[in-house]
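An overview of the molecular structure
Here are the chains, one letter per residue:
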Amino acid sequence: MIFDSVADFRALLPEGGVLIGLDIGSKTIGTAFCDAGWTFASPADVIKRSKFTKDKFELKAAIATRPTRGIVIGLPLNMDSSESPRSQSSRAFAKNIEDLGLPILLRDERWSTQAVERDMIAADMSRAKRAEKIDSGAAAFILQGAIDALTSS
């Protein structure tokens, strides 16, 4: 099941549980996981995009590393909250992984990459290191926003 509503997603997971966050890009998929108590999100691996079948296989392998109960996918909206072609791509990705059997929450991610990059620059991280870590950092930012919303509702 795919949700836009935090409350509806939360209703399926009354006991909490580990969630995986995804920042879907055209070349990579950044991943992050949160703890079962929905306290903090941590960056994980980056999946290099290729054919969807391979991407899905790698995503399943990442999910299998933890007792994952749900998926949070960043939804790149336009500044006026309208959907963009990238939003539609994220929705299509969600639809294509729905058969994994985990509830999916689509979460607004308008400023995730910029926020993470700003923090990395402030930490004096090199351009090469930022490029390597930005996608998983953005996934953690998206997931942290989702778990903050889930625990405050």
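So, a few notes on the structure that sits alongside this text. (Residues numbered from 1 in each chain as written. Predicted model: local features only at pLDDT ≥ 70, side-chain atom pairs only at ≥ 80, totals over all residues. Heavy atoms only, no water.)

A word on the pairing of strand 2 (residues 18-24)
Counting buried positions along strand 2 gives seven out of seven residues, so the element sits mostly inside the fold. Taking every second residue as pointing to the same face, both faces of strand 2 are buried, with V18, I20, L22 and I24 on one and L19, G21 and D23 on the other. Pairing of strand 2 with strand 5 (residues 68-75), which is carried by five bridges, proceeds in the parallel orientation. Opposite L19, over in strand 5, you have G70 as the bridge partner. In this sheet, strand 3 (residues 28-34) lies alongside strand 2 in antiparallel orientation, the contact comprising five bridges. Bridge pairing in strand 3 links I24 to I29. Remark: three residues form the turn of the hairpin made by strand 2 and strand 3, two consecutive strands paired antiparallel. (Buried < 20%, exposed > 50% of the residue type's maximum accessible area, 1.4 Å probe, protein only. Helix = DSSP H or I, 4+ residues; strand = E, 2+ residues; numbered from the N terminus. Pairing = 2+ DSSP bridges.)

A short note on the nonpolar core
By size, the foremost hydrophobic cluster in this structure holds 20 residues, and its most contacted members are I20, L22, L59, I71, I73, F93 and I97. Elements with a minimum of two residues in this core: strand 2, strand 3, helix 2 (52-63), strand 5, helix 3 (85-97) and strand 6 (104-108). Of the residues forming this core, the biggest block, four residues, is contributed by strand 2. Ignoring any residue separated from it by four or fewer positions in sequence, one finds I71 in contact with F9, I20, L22, I63, I97, L100, L102, P103, I104 and L105. Among the nonpolar cores identified, the runner-up in size contains 19 residues, and V6, V72, A146 and L150 belong to it. (Core = buried A, V, L, I, M, F, W, Y, C linked by side-chain atoms within 4.5 Å. Contact = heavy atoms within 4.5 Å.)

Comments concerning the pattern of salt bridges
Enumeration over the complete set of coordinates arrives at six salt bridges. Among the ionic pairs, E83 bridges to R91, the shortest N-O distance being 2.7 Å. What makes E83 partly exposed here is its relative accessible area of 33%. With relative accessibility at 24%, the residue R91 sits in the partly exposed group. Residues K95 and E98 are paired through a salt bridge, measuring 3.2 Å at the closest nitrogen-oxygen approach. Assessed through its relative accessible area of 25%, E98 is described here as partly exposed. One network of salt bridges, with partners in common, ties together D4, E83 and R91. (Salt bridge = Lys/Arg side-chain N within 4 Å of Asp/Glu carboxyl O.)

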